[in-house]
Amino acid sequence: MHDVDQNVAPLEAVIETGRVNNNMRVGTDGNGLNDAEERNVFGGVAAAGDGNIIEIYGQNGAVGRCTNIVIAGNYFGVAVDGATRFTNSMLIVDHFTRTVSGVRSDCQFGSDFDGVSDDIEANVIFMNNPFGVIFSDPSVAIVPGFCNLTAEGTLSLRGNKLVNNNLLPFSYGNASSSQLINFTNYESAVMDLTTGPIIPTLNATSTYPHLIGTFAMGTGGFTNIIIDVYQLDQEGWNNGKTIAGAQNWPELTDGASYTNGFAQGSKYLGSRVVPNTGNFNIDISGMDLGPGQVTVTANYSADPVGTHKGRVHTSNFSMPIYVIPDGAESVG
Ligand SMILES: [Ca+2]
Ligand SMILES: [Ca+2]
């Protein structure tokens with residue numbers, strides 16, 4: 001509940017590992033035994049010698065891989081009450097998506113939704129606080145990315161509570177469009193980008209209980225598609241709009257009629273399995289949509305839905321929409 005003063009205890013990183021990162025776990029293993037007690041609390045990190053909270057350095061090419069990494073159930077930048085926030089602004093993990101000796105990395109960041117401890121496996125991340133103090137001049141602000149991802153590996157990002165992060169998992173806004181183009185090309189191993197953009201879209205005419213949208217079709221065996229639905233984190237959305245607008249990021253604004261923010265989900269609402277067609281029309285009956293907008297991710301699984309530690313790759317969060325209330329239902 002009480003953070004360490006970084007002036008008293010300067011950090012290089014909070015965790016630093018390398019050479020053999022196969023099977024690394026940070027947090028809970030989700031096996032149904034003591035899972036809540038296995039969570040970590042990472043306090044507020046506003047400065048670190050390595051420029052990140054968890055540093056993964058070079059692998060031993062003979063035996064080292066970045067496979068089967070699990071980061072689940074941890075608190076970043078917020079106390080165990082889930083509400084008390086610490087001053088923080090930092091990349092969370094560096095260099096854990098990479099190909100080593102021809103083997104692509106894979107990581108489960110959050111829940112696997114196998115039916116065991118899935119809510120506990122969600123990471124709770126409150127970042128970039130207090131935003132207006134740290135980034136007092138949005139025209140020059142550089143907001144740390146979520147993690148330093150290349151697209152050499154797969155990353156499952158599911159079920160987490162995400163507040164005020166940069167765009168994620170890929171933090172592609174940089175005023176030059178180059179990051180979005182680059183990672184899009186890298187990602188073709190899992191997502192068929194000839195059938196749709198890397199980021200799913202929501203149709204603004206979606207009327208409850210329907211949620212309609214598009215996604216890039218899965219490929220390379222990652223063809224079981226799951227749409228995860230979340231309430232939009234309004235804080236990250238608003239702060240992202242301020243930065244993207246002040247810096248006129250072409251990825252998030254047209255410079256005139258709209259500016260988007262840092263889309264992310266602050267409350268996981270549920271998942272729906274859809275055919276691998278590039279389009280979906282799902283029933284979101286019973287989901288707690290709240291008063292605000294919703295956002296989704298597309299999840300590409302190479303294993304049947306519900307597989308323990310299944311192989312999954314997650315898209316970026318869609319730009320959000322307000323779901324139009326069902327008029328007939330409200331009248332009735
Ligand atoms: Ca356990
Ligand atoms: Ca689980």
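Below is a short write-up of the structure. (Residues numbered from 1 in each chain as written. Chains lettered and ligands numbered in written order. Predicted model: local features only at pLDDT ≥ 70, side-chain atom pairs only at ≥ 80, totals over all residues. Heavy atoms only, no water.)

### As for the overall build of the chain
What counts, and what does not: Labels follow the DSSP assignment, with helices taken as runs of H or I lasting at least four residues and strands as runs of E lasting at least two, numbered in each case from the N terminus. The atom set for the radius of gyration is the C-alpha atoms, and the globule formula is 2.2 Å times the number of residues raised to the power 0.38. Using a 1.4 Å probe on the protein chains alone, a residue whose accessible area is under 20% of its type maximum counts as buried, one over 50% counts as exposed, and one in between counts as partly exposed. Any two residues having at least one pair of non-hydrogen atoms within 4.5 Å are treated as being in contact. In this description, accessible areas are obtained by the Shrake-Rupley approach with a 1.4 Å probe, and a residue is regarded as covered only by the protein chains that are shown.
Secondary structure assignment for the chain yields four helices and 23 strands. Its C-alpha atoms give the chain a radius of gyration of 19 Å, within 12% of the compact-globule value 20 Å for 332 residues. Across its three principal axes, the chain shows a C-alpha extent of roughly 60 × 45 × 40 Å. A total of 332 residues make up the chain; the buried ones form 52% of that total. The contacts of the chain with a sequence gap of at least 6 include a subset with a gap of at least 24, amounting to 77%. Summed over all atoms, the accessible surface of the chain reaches about 13,500 Å², with 52% contributed by carbon and sulfur.

### Focus on the coordination of the calcium ion (ligand 1)
Applied cut-off: Distances decide who is a donor: an N, O or S atom must be within 2.8 Å of the metal, or within 3.2 Å for Na, K and Ca. Water is not included, so sites may look incomplete.
For the calcium ion (ligand 1), the full set of protein donor atoms is Asp29 (OD), Asn31 (OD1), Leu33 (O), Asp35 (OD), Glu38 (OE) and Glu38 (OE), and the range of their distances to it is 2.2 to 2.7 Å. Read in sequence order, the donor residues for the calcium ion (ligand 1) give the motif D-x1-N-x1-L-x1-D-x2-E.

### Examining the sheet that holds strand S1 (residues 15-19)
Just so we agree on the cut-off: Pairing between two strands is assigned when DSSP locates at least 2 bridges connecting them.
Pairing in this open sheet of four strands is parallel, and the strands run S1-S4-S7-S12 from one edge to the other. Looking at strand neighbours, the two that pair on one side only are S1 and strand S12 (147-148), the edges of this open sheet. Bridge analysis of S1 against strand S4 (residues 52-59) gives four bridges, and the strand direction is parallel. Within S4, the position partnered with Glu16 by the bridge is Glu55.

### Things to note about the pattern of salt bridges
Note the threshold: Whenever Lys or Arg places a side-chain nitrogen within 4 Å of a carboxyl oxygen from Asp or Glu, that contact is recorded as a salt bridge.
Under the counting rule described, the total for this entry stands at four salt bridges. Put simply, Glu235 and Arg85 hold a salt bridge, and the shortest N to O gap is 3.0 Å. In this pair, Glu235 is assigned in helix H3 (residues 234-246) and Arg85 in the loop between strand S6 (75-76) and strand S7 (91-94), connecting sequence segments 150 residues apart. Residue Arg311 pairs with Asp303 through a salt bridge whose shortest N-O separation is 2.9 Å. For Asp303, a relative accessible area of 15% puts it in the buried group.

### Quick notes on the coordination of the calcium ion (ligand 2)
Cut-off, in case you're wondering: Square planar and octahedral assignments, for four and six donors respectively, both demand that opposite donors be over 155 degrees apart and that all other angles lie between 65 and 115; tetrahedral needs four donors with all angles between 85 and 135 degrees, and anything else is irregular.
Coordination of the calcium ion (ligand 2) by the protein involves Asp112 (OD), Asp114 (OD), Val116 (O), Asp118 (OD), Glu121 (OE) and Glu121 (OE), with metal-donor separations of 2.2 to 2.8 Å. Around the calcium ion (ligand 2) sit six donor atoms; with metal-centred angles ranging over 50 to 167 degrees, the donor geometry is irregular. Every donor residue of the calcium ion (ligand 2) comes from the same chain, spaced as D-x1-D-x1-V-x1-D-x2-E. With respect to burial, Asp112 and Asp114 carry one shared label: buried.

### Examining the nonpolar core
Here is a general trend for soluble globular proteins: nonpolar side chains tend to be buried in one another's company. Note the threshold: Only buried Ala, Val, Leu, Ile, Met, Phe, Trp, Tyr and Cys residues count toward a nonpolar core, and they belong to the same one when joined by side-chain atoms within 4.5 Å.
Among the nonpolar cores identified, the biggest contains 72 residues, and Ile92, Phe96, Phe109, Leu211 and Ile227 are the most heavily contacted of them. Among the elements that make up this core, the one with the highest residue count is strand S19 (residues 224-232) (five residues). Grouped together as the second largest cluster of nonpolar side chains are five residues, Tyr75, Val78, Val124 and Val163 included.

### Some words on the side chain of Asp303
Along the chain, the position of Asp303 falls in the loop between strand S22 (294-301) and strand S23 (312-314). Here Asp303 is in contact with Asn224, Gly310 and Arg311, once residues within four sequence places are set aside.

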